Amino acid sequence: MLKALLFDVDGTLADTERDGHRVAFNAAFRDYGLDWDWDVALYGSLLAVTGGKERMRYYVDSFRPDYVKPVDFDDLVVELHKTKTRHYTRMLAEGGIPLRPGVKRLLDEARSAGLMLGIATTTTPDNVTALLQHSLAPDSPDWFSVIAAGDIVPAKKPAPDIYIWAMEKLDLRPEQCVAFEDSRNGIRSSQAAGLRTVVTVNDYTRDDDFEGAVAVLSDLGEPGAPYRRLDRDEAGVVDLARLKNWLQG
Ligand code: XBP
Ligand code: MG
């Protein structure tokens, strides 16, 4: 029986990567006088690595052979990341990034039906709180029975650890939950944790491999603006009835 919906954050709740995280990274690089500038296409390649600190190291190692690392490079990465988090949370507070279609509708329905809600993400906890408060509702972090985020587990997605951690906190088994993801790294993580997974793609992840997903959708859909299913010819709105139907089928 379905007891909880577990959500990824970036790319799933909102399209935060291109116009949120990417912009905040670049602002931090400028603050530190670095000539690093991540354009939209490059950022798509960098998304192969989850976690902001891990992503910066990957960039230097794979794209900047010319960069001479200072002796305190690890500390610099930590400081850059703190600065990036400040930029990102300020951006959310100033204008917010809208939630994707159907997200609030499904969260509201799940809460009314007494289902538990959870978050499992590689992003920093402050980023999750800021997104929920500014784009969903000021008290919405309290809607979630668990918010599993960031460095809480050392191995980030695609490792299953963050989902396993969240389910342990909820005292639930994978069969009692369904995950919502937007990326290959995300579904690798959720599936390795034993979770059935609904995927809503975005511009960075449309062509990813989502083998084994419950459904691959343009978004969760709204009445009057239905989702388009990418893995078969179907349109509609993801509500609990449809979700349970998919899970039984
Ligand atoms: C997305 C990520 C994160 C963010 C940046 O995670 O990979 O690294 O891009 O966040 P998810 P931080 O889709 O699991 O939410 O800079 O805070 O690491
Ligand atoms: Mg994601």
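These figures come from a predicted structure and were not determined experimentally. Here the residue numbering is sequential within each chain, running from 1 through the sequence in written order. As they are written, the chains are lettered A onward and the ligands numbered 1 onward, keeping that order. Local features in a predicted model are, by the rule used here, given only for residues with pLDDT of at least 70; side-chain atom pairs are given and counted only at 80 or more, and totals for whole chains, interfaces and linings are based on all residues. Values shown for side chains rest on all heavy atoms present in the structure; no hydrogens or waters enter the calculation.

Novice: Just checking my understanding: could you explain the site of ligand 1 for this structure?
Specialist: Not every one of the 19 residues close to ligand 1 is listed here, only the nearest: Gly52, Lys84, Thr121, Thr122 and Thr124. Breaking the shell around ligand 1 down by element, the ones donating at least two residues are α1 (17-31), α3 (52-63) and α4 (73-94). Runs of H or I in DSSP of at least four residues are treated as helices and runs of E of at least two as strands, each being numbered from the N terminus. If you tally residues by element for the shell around ligand 1, the top one is α1, at three residues. Only Asp, Glu, Lys and Arg are considered charged in this grouping, and only Ala, Val, Leu, Ile, Met, Phe, Trp, Tyr, Cys and Pro are considered nonpolar; every other residue, Gly among them, is considered polar. The residue inventory of the shell around ligand 1, partitioned by class, reads three nonpolar, ten polar and six charged. Here a residue is near a molecule or strand as soon as one of its heavy atoms is found within 4 Å of it.

Novice: For this particular structure, what's the right way to read the pattern of salt bridges?
Specialist: Think of it this way: side chains of opposite charge can pair up when their charged atoms draw near. Note on definitions: salt bridges are taken to be side-chain nitrogens of Lys or Arg within 4 Å of carboxyl oxygens of Asp or Glu. By the definition in use, this model includes 19 salt bridges. With its nearest N and O atoms 3.3 Å apart, the salt bridge here joins Arg229 to Glu234. A network of salt bridges, in which partner residues are shared, links Lys53, Glu54, Asp151 and Lys156.

Novice: When you look at helix α7 (residues 161-170) in this model, what are you seeing that I'm missing?
Specialist: Residue pairs three or four apart in sequence face the same way in an α-helix, which turns once every 3.6 residues. We call a residue buried when its accessible area falls under 20% of the maximum for its residue type, exposed when it is over 50%, and partly exposed in between, using a 1.4 Å probe and counting protein chains only. All of the buried residues along α7 are Ile162, Tyr163, Ala166, Met167 and Leu170. On an axial view of α7, the arc spanned by its buried residues comes to 130°, and they lie on one face. For α7, the exposed residues lying more than 90 degrees away from the buried face are Glu168 and Lys169. Summarising the contacts, the buried residues of α7 are in contact with β1 (4-7), β2 (116-121), β3 (146-149), β4 (177-181) and α8 (184-192). In the segment just after α7, Asp171 is the residue with positive phi, at about 60°. Here, the arc refers to the directions that run from the helix axis to the C-beta atoms. Contacts between residues were defined by any pair of non-hydrogen atoms, one from each residue, lying within 4.5 Å.

Novice: When you look at the coordination of the magnesium ion (ligand 2) in this model, what are you seeing that I'm missing?
Specialist: By definition of the ideal shapes, a tetrahedral metal site with four donors has angles of 109.5 degrees and an octahedral site with six donors has angles of 90 or 180 degrees. Within the first shell, the magnesium ion (ligand 2) binds the protein through Asp8 (OD), Asp10 (O) and Asp182 (OD), at distances of 2.2 Å. A 2.8 Å cut-off from the metal defines N, O and S donors, relaxed to 3.2 Å for Na, K and Ca; water is not in the atom list, so some sites may appear incomplete. We note that the donor set of the magnesium ion (ligand 2) lies within a single chain, spaced as D-x1-D-x171-D. Of this pair, Asp10 sits in the loop between β1 and α1 while Asp182 sits in the loop between β4 and α8; the two residues are 172 residues apart in sequence, bridging distant segments of the chain. With a relative accessible area of 10%, Asp10 lands in the buried category. Judged by its relative accessible area of 5%, Asp182 is buried.

Novice: Help me understand the pairing of β3, please; the structure alone is not making it clear to me.
Specialist: In summary, the side chains of a regular strand alternate between the two faces of the sheet. Two strands qualify as a pair provided DSSP detects at least 2 bridges between them. Where β2 and β3 come together, four bridges link them in parallel fashion. Residue pairing across strands places Ile119 opposite Ile147, the latter belonging to β3. By the criterion used throughout, a crossover qualifies as right-handed when its path from the first strand across the helix to the second strand runs clockwise, the strands pointing away from the viewer. Following the backbone out of β2, through helix α6 (residues 125-136) and into the adjacent parallel β3, one traces a crossover that is right-handed.

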